[in-house]
Amino acid sequence: MVMLAAFCWGTGGVFTKMIVPFGFSSTDMVFIKSVVALFFLVLVNIRKGTKLFRINEFADLKYLTIVSLMGYVFYGAMFVLTVNEMGVGIGGAMLYTKCAFVIILERWIFQKKITSKKFFTVLLTITGCMGIAGLFSGAFEQITAKGLLFGFLSGVGFAIYDVMSKKVLDKNTSETVTFYTFFIASIVVGFIVHPLEILQVIMQNDLFLIVILYGIVVSGLPYILYVWALSKIDAGIAAIVSTFELFTAVFAGIILYHEPLNMITICSMIAILLAVFISNYTFQKRRW
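Now for a look at the structure at hand. (Residues numbered from 1 in each chain as written. Predicted model: local features only at pLDDT ≥ 70, side-chain atom pairs only at ≥ 80, totals over all residues. Heavy atoms only, no water.)

What the protein contains, in helices and strands, is 14 helices and zero strands. Mapped from its N terminus to its C terminus, the protein presents α and β elements in the order α-α-α-α-α-α-α-α-α-α-α-α-α-α. Considering only C-alpha atoms, the protein reaches an extent of 45 × 45 × 30 Å along its principal axes. Out of the 288 residues in the protein, the part that is buried amounts to 50%. (Helix = DSSP H or I, 4+ residues; strand = E, 2+ residues; numbered from the N terminus. Buried < 20%, exposed > 50% of the residue type's maximum accessible area, 1.4 Å probe, protein only.)

So, about unusual backbone geometry. Not every positive phi belongs to a glycine, and aspartate 206 is a case in point at roughly 55°. Note that aspartate 206 resides in the loop between α10 (195-204) and α11 (208-230). With a relative accessible area of 65%, aspartate 206 lands in the exposed category.

So, on to the environment of serine 34. Along the polypeptide, serine 34 turns up in helix α3 (residues 26-44). A residue is classified by how much of its surface remains accessible, and serine 34, at 0% relative accessible area, is buried. For the pair serine 34 and tyrosine 63, spaced 29 residues apart in the sequence, the C-alpha separation amounts to 18 Å. With sequence-adjacent residues up to four places away left out, serine 34 is seen in contact with Tyr72, Phe182, Ala185 and Ser186. (Contact = heavy atoms within 4.5 Å.)

This brings us to the side chain of lysine 98. Following the sequence through the fold, lysine 98 ends up in helix α6 (residues 98-110). A relative accessible area of 0% means that lysine 98 is categorised as buried. In this structure lysine 98 touches Gly155, Phe158, Ala159, Asp162, Tyr226, Ala239 and Ser242, once residues within four positions along its chain are discounted.

Right, let's talk about the nonpolar core for a bit. Within the largest apolar cluster, 83 residues are counted, with the highest numbers of intra-cluster contacts made by Phe24 and Tyr226. Among the elements that line this core, the one with the most residues is α11, at ten residues. (Core = buried A, V, L, I, M, F, W, Y, C linked by side-chain atoms within 4.5 Å.)

The next thing to look at is a nonpolar patch on the surface. On the surface, Phe183, Ile187, Val188, Phe191 and Ile192 cluster together into a nonpolar patch covering about 510 Å² of accessible area. Using a relative accessible area of 42% as the deciding quantity, one classes isoleucine 187 as partly exposed. (Patch = residues over 30% accessible without salt bridge, like charges linked within 9 Å, V, L, I, M, F, W, Y side chains within 5 Å. Areas by Shrake-Rupley, 256 points an atom, 1.4 Å probe, with all protein chains shown as cover. Salt bridge = Lys/Arg side-chain N within 4 Å of Asp/Glu carboxyl O.)

It is worth spelling out helix α2 (residues 12-19) at this point. Looking only at α2, the buried set comprises Gly12, Val14, Phe15 and Ile19. Projected down its long axis, α2 carries its buried residues within an arc of 160°, all on one side. (Arc of directions from axis to C-beta.)

A few words now on the packing of aromatic side chains. Across all of its chains, the model carries 14 aromatic pairs by this definition. Seen from their ring centres, tryptophan 9 and phenylalanine 158 are 5.7 Å apart, and the 80° between their planes marks the pair as edge-to-face. Highlighted residues: tryptophan 9 in helix α1 (residues 2-10) and phenylalanine 158 in helix α8 (residues 145-168), separated in sequence by 149 residues. Between tyrosine 161 and tyrosine 223, the aromatic rings sit 5.2 Å apart at their centres with planes inclined by 75°, giving edge-to-face as the arrangement. In this pair, tyrosine 161 is assigned in helix α8 and tyrosine 223 in helix α11, connecting sequence segments 62 residues apart. Put simply, the rings of Trp9, Tyr72, Tyr75, Tyr96, Phe158, Tyr161, Phe182, Tyr223 and Tyr226 touch in pairs and so form one group of aromatic residues. Here lysine 98 stacks its cationic end above the ring of phenylalanine 158, 3.6 Å away from the centre of that ring. Against the face of tyrosine 63 rests lysine 167, its NZ or CZ located 5.3 Å from the ring centre. (Phe/Tyr/Trp six-rings, centres within 6.5 Å; stacked < 30°, edge-to-face > 60°. Lys NZ or Arg CZ within 6 Å of the ring centre and 35° of its normal.)

Given below as structure tokens:
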């Protein structure tokens, strides 16, 4: 499920290239995918009725708010700023510093040990992400202090999403957690953007189909899958496996935009695959 979610997230760049030229800002894009994902989630879970909205305790609402605003809206905004500052590749690599932040937050919130194996897999994952981003191929001139700050913050935000979702999943269903993520994000970002102007641009340019696909494929479906997976496995393992998003982005660039594939990129992919194998082997061994 995590790999499927990562595949969906990896198509985000393709959709962005198709939609942004019509004048949408980064916050507009967050609003569009949040609203579409919200309707998609409600439609998929229509038979559950009001059960979808029920939270176990009112106190859980503050954690769900943190998941939505810090782990979804904040991370998304920081990622866009990182990409604007340093490019898509480096932005993706910085985002997956979340693997390190996840094990730190797990240690703080769940008192989980930071083992040598966890440390090694995180190091291997981040190294692989850096390689895919082109940092070992002379891309250092693109790095700025501001970009690094935004990049680390995007990683922190995504880590908060993983760990805090895991915390509220102890008492609430994955569907409920995902619903409040989209619902709170839609309301808050809706006050920042101009929804009627966004709708007008969509209608004038006949973008309904592509916008619906964008919201479902890049937000609705992957977050449903990912949060469900978090209810079954450790957040640290999910964080490492989710780096498959970069694989999708790389192959999309090769197939659709004829971007080159070099040996460093191939070795970086192998490093990430090895990290995924090690983390999952540990999990399976613990289960049996």
